[in-house]
Amino acid sequence: MVARARAAGVGTMVTICTRLSEFDRVRAIAGRFADVYCSVGVHPHDAEAEGQRDPARLIALADDDKVIGIGETGLDYYYDNSPRAAQRESFRAHIAAARATGLPLIVHSRDADADTVEILEEAAGEGTYPGVIHCFTGGRALAEAALGLGLYISLSGIVTFKTAEALRAIARDLPLDRLLVETDAPYLAPAPKRGKTNEPAFVAHTARYLAELRGLAADELARVTSENFFRLFAKAAPAQRS
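Values in this document were obtained by computation on a predicted structure and should not be read as measured data.

The rules behind the values
Residues numbered from 1 in each chain as written. Predicted model: local features only at pLDDT ≥ 70, side-chain atom pairs only at ≥ 80, totals over all residues. Heavy atoms only, no water. Salt bridge = Lys/Arg side-chain N within 4 Å of Asp/Glu carboxyl O. Helix = DSSP H or I, 4+ residues; strand = E, 2+ residues; numbered from the N terminus. Buried < 20%, exposed > 50% of the residue type's maximum accessible area, 1.4 Å probe, protein only. Pairing = 2+ DSSP bridges. Right-handed = clockwise from strand over helix to strand, strands pointing away. Core = buried A, V, L, I, M, F, W, Y, C linked by side-chain atoms within 4.5 Å. Contact = heavy atoms within 4.5 Å.

Participant: Whenever I open this one, the pattern of salt bridges confuses me. Can you help?
Facilitator: Two side chains of opposite charge can pair, provided their charged atoms sit close to one another. According to the stated counting rule, one finds 15 salt bridges in the structure shown. Close ionic contact of Arg19 with Asp46 constitutes a salt bridge, the shortest N to O distance being 3.2 Å. Of this pair, Arg19 sits in the loop between strand S1 (13-15) and helix H2 (23-32) while Asp46 sits in the loop between strand S2 (36-40) and helix H3 (47-50), and the two are 27 residues apart along the sequence. Accessibility expressed as a relative area gives 15% for Asp46, which makes it buried. Here the salt bridges share partners, and the residues they tie into one network are Arg19, Glu22 and Asp46.

Next up, the structure:
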């Protein structure tokens, strides 16, 4: 899978932690490859079982050369797999860890735009922190609030779906210096790979689609999003840039 990603022109990858109980396995994957990094965090689905009440453990685990982000964290009111209060508490702990470490916060937000904005803005009052709304599917108000806080917006294969015209309307207007592309593998494979298990190589399809949507050459979008990645995930080794 890593070889296929490299062949597709993907120079650096991040494998995302969603449960602290799985962090050692996630870190081991990153440790096998010079061009793969990882994050540390608890997905909102698992906030009841593994959610953090304070940032201490996240901060400790982030003290590793391969950990370049905090999360995935945030709010998911679509599935409500964990109580909303537990999701919000854990989200706040992750934000505090991002502020303390300087590592970017990786935010999941689904059907929770208003509460996501409220918590992000409330936390900004205690001090700035870097971050990205990953796999963005929210409304324009969430995008504008995130940008206003200095955060980035990351688009997945969803932007290629026929039903995603509202998302494309937002994608057309996002400032290029805050734009990222991602897979969210193994989910959300972009056209023309719909129905397949997603993997890092497929991000090239999303990038080409987005470049056309924005009226850019594919190489230009690749250059811009790569620069944005290393600006945000500054802990990633510069030697791996490509």
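Participant: Would you explain the pairing of S2 in this entry?
Facilitator: Regular strands show a simple pattern: their side chains alternate between the two faces of the sheet. Across the 5 residues that make up S2, a large majority, 5, are buried. By the alternation rule, side chains of S2 split into Val36, Cys38 and Val40 and Tyr37 and Ser39, which are all buried. Relative to S2, S1 runs parallel, the two sharing 3 bridges. By the bridge assignment for S2, Thr15 is matched with Cys38. Each parallel crossover has a hand, and for S1 linked through H2 to S2 it is right-handed.

Participant: I would appreciate a short explanation of the nonpolar core in the present structure.
Facilitator: One broad rule of soluble globular proteins: the nonpolar side chains tend to lie buried together. Within the largest apolar cluster, 59 residues are counted, with the highest numbers of intra-cluster contacts made by Leu105, Leu120, Phe136 and Leu155. Here Leu105 is in contact with Ile70, Thr73, Phe91, His94, Ile95, Ala98, Leu120, Tyr129, Pro130, Gly131 and Val132, once residues within four sequence places are set aside. If you look at the next biggest cluster of nonpolar residues, it comprises 11 residues, including Ile68, Ile106, Phe229 and Phe233.

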